[in-house]
Amino acid sequence: METLIPIINRLQEVFLTVGAEIIQLPQIVVVGSQSSGKSSVLESLVGRDFLPRGSGIVTRRPLVLQLVNVPSLEERRKQDNGIKAEEWGTFLHSKNQIFTDFNEIRKEIEDETDRNTDNKGISPEPIYLKIYSPNVLSLTLVDLPGITKVPVGDQPEDIETQVQEMIVSYISNPNSLILCVSPANSDLATSDALKLAREVDPDGHRTLLVVSKLDLMDAGTDALEVLLGRVIPVRLGIIGVVNRSQHDLNTQKSLTDSCKDEQAFLQRYYPSLASRCGSRYLARTLSRLLMHHIRDCLPELKTRVTVLAAQYQSRLNSYGQPVEDHSATLLQIVTKFATDYCSTIEGTARHIQTSELCGGARICYIFHETFGRTLQSIDPLGGLTELDILTAIRNATGPRPALFVPEVSFELLVKKQIKRLEEPSMRCVELVHEELQRIIQHCSAYSTQELLRFPKLHDSIVEVVTSLLRKRLPITNEMVHNLVAIELAYINTKHPDFTDAAQVSASVNSQQVLKRSLSVSLSLQIHAGLDFVLSSLSQAEAGDGGKRWKNEKMPSEEKGPVPGFGSPTKAVNLLDTAVPVSRKLSTREQRDCEVIQRLIKCYFLIVRKSIQDSVPKTVMHFLVNFVKENLQSELVGQLYKQRLLQELLIESQETAQQRTEVAQMLEALKKASNIISEIRETHLW
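So, a few notes on the structure that sits alongside this text. (Residues numbered from 1 in each chain as written. Predicted model: local features only at pLDDT ≥ 70, side-chain atom pairs only at ≥ 80, totals over all residues. Heavy atoms only, no water.)

**What to know about the pairing of strand E6 (residues 139–143)**
- Most of E6 is tucked away, with five of its five residues classed as buried.
- Note: strand E1 (residues 27–32) against E6, three bridges, orientation parallel. Looking across to E6, one finds that Ile-28 is bridged to Leu-141.
- One ladder, built from five bridges, connects strand E2 (residues 63–69) with E6; its direction is antiparallel. Across the sheet, Leu-65 pairs through a bridge with Leu-141, a residue of E6. (Buried < 20%, exposed > 50% of the residue type's maximum accessible area, 1.4 Å probe, protein only. Helix = DSSP H or I, 4+ residues; strand = E, 2+ residues; numbered from the N terminus. Pairing = 2+ DSSP bridges.)

See below:
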């Protein structure tokens, strides 16, 4: 099981090469308040001084520390290979440079921190350091900036929030172990590190507590209750350590001597816990916990790598390969687009929308719902009054009174009504043309990545199809206009569905006779009643001898002669008399108007039915079907030109960059899969 940690380190290196964090690898995250002793704990695990020190926030970028156990220098000399140093370190940002002096490692950490941070600010970009030594246990740790409360110097006002967000982003990884460092001379109940750990790991399955600075507690007090877990229980355990003092640092006291002094201190003050405390025990515990944690995470990690490899392989396939045969590639893309366009019209496309009608379905809706309902809503007699009809009849007869309804008036009026069918017919053509334009965008949105790889080719295809539709639009409009013009050119009164004028006239006459007979009967009844009333009045007036009538005069005697007829007054010009807007029509006028109305309505319905049937057929033949049949040949004719091939098939920089990134990630995932496959079941137990 000791091989698991090096394997995780190798996986980490593989994914770092592509700068990706899609795989959450097992690691130990060190969390603590500022000046809690985190750096001293890490240095005790390594056995060397290599971390920057000072006041304020010293660790301002995450430090990913990989400890690798290697054979001693003497053993490696026997094998005559490897680096001629007992211990050394390497950085990812300067991988080819080997640091054998740990003071130089400290300086490189400081310099690299300053390159990406301003003044005392922090940066989430990690520094990757790998230390090889025969004196370390293989571990992977992440040292994070210490939790601070008050901004110092030029630090931003929200420095506390920034640090906490960075810490949470690391410890939220379910595959990470949380190493909380809290000093013994502070109240554990107020530990910020434990508080953050509890937020992301409420059950404590991933949390280990290190109580530092045991030697700095007040006289007469100790941390026994804390170390036994009686104050705050921590599931993975609580380990106490003694850090080096500032005096030890100033006198450059070695870590070996510090470890001896630490053990002596523990034996003196915590004899019952001495074997379960100290830096060496902490290193062994961390190594054991990390190996067991890796073992538990490995099956899920393997599945995750396999799934991601399949996804990235699919993405890489969608980007296609770099173009080698330009002619074949262009023909393939053009053919694919033309096929998708026609399939969208026919309703056989692979990508069928469910939110709205599209393609052929929308064209069908335009024909039978939009256009059909619009025609049905047109009133055959809309805009015609009885006075208009009567005026047309009189104008058609000239100076002679007509004995019959003139046919010219019918043709004049019915043509006026038929002309109203042209506007909705032309609007139908416009709507279908707009839908054919929308299909271009639909096919572009759901087209293959091959077309999206080449922006110029995509734009050229859209331009060619748009131009083809633009050319066919006036031709289709003219044909639809001719349909209405044909109906206007000849009024076929012998149409099989058209009612004969004589029959209409006879029907109207019979209805008028029936109405007249009913009115006469009613008049007779009214006259009989009046006679009875008058006779009663006459008998009543006979008593006064008719004196009342002798004193009254006729109206004509009072007003005098009628002007214009033997009267000396000025004559009236009849041509100045205004034509009445409406008046009561005579019986014959009513009959003639009703005959014309019936004939107009009958013939209009015949023409409307014909237009409703012929306009969709015309649009399909001259616009839709023509585009379907000639689209591919038009695209090939306009785009398949030797001088255009290189220009049209220039790949977008974004696509090329994405293909490179996906290929690198896929390669990293394949390497990771190979590394994981090296683990045998026997290694896990």
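**Focus on the nonpolar core**
- With 70 residues, the main nonpolar core has Tyr-341, Leu-436, Leu-457, Ile-461 and Leu-635 as its most contacted residues.
- Where this core is concerned, the elements lending two or more residues are helix H11 (326–346), helix H12 (360–376), helix H13 (386–397), helix H14 (407–418), helix H15 (422–445), helix H17 (455–489), helix H21 (587–639) and helix H22 (642–648).
- Ile-7, Ile-28, Phe-99 and Val-210 belong to the second largest nonpolar core, which has 62 residues in total. (Core = buried A, V, L, I, M, F, W, Y, C linked by side-chain atoms within 4.5 Å.)

**With respect to the packing of H14 against H21**
- With their axes 10 Å apart at the nearest point, H14 and H21 run at an angle of 45 degrees to one another. In this view, H14 runs oblique relative to H21, as classed from their interaxial angle. Relative to H21, the crossing made by H14 is right-handed. Of the residues in H21, those in contact with Ser-409, Phe-410, Leu-413, Val-414, Gln-417 and Ile-418 of H14 are Ile-596, Leu-599, Ile-600, Tyr-603, Phe-604 and Val-607.
- By residue class, the composition of the contact of H14 with H21 is 10 nonpolar, two polar and no charged. (Axes fitted to C-alpha atoms, helices over the stretch in contact; angles between N-to-C directions. Parallel < 35°, antiparallel > 145°, perpendicular 65-115°, else oblique. Left-handed = near helix turned anticlockwise from the far one by under 90°. Contact = heavy atoms within 4.5 Å. Nonpolar A, V, L, I, M, F, W, Y, C, P; charged D, E, K, R; others polar.)

**Here's the deal with the pattern of salt bridges**
- Throughout the structure, instances matching the rule amount to 21 salt bridges.
- Of the charged contacts in the structure, one is a salt bridge between Arg-60 and Asp-114, with a shortest N-O distance of 2.8 Å. Of this pair, Arg-60 sits in the loop between helix H2 (38–46) and E2 while Asp-114 is found in helix H4 (residues 102–116), placing the two residues 54 residues apart along the sequence.
- For Asp-114, a relative accessible area of 43% gives the class partly exposed.
- In this structure, Asp-340 engages Lys-336 in a salt bridge whose closest nitrogen and oxygen atoms are separated by 2.7 Å. With Asp-340 and Lys-336 both in helix H11, this residue pair falls four residues apart, about one helical turn. (Salt bridge = Lys/Arg side-chain N within 4 Å of Asp/Glu carboxyl O.)

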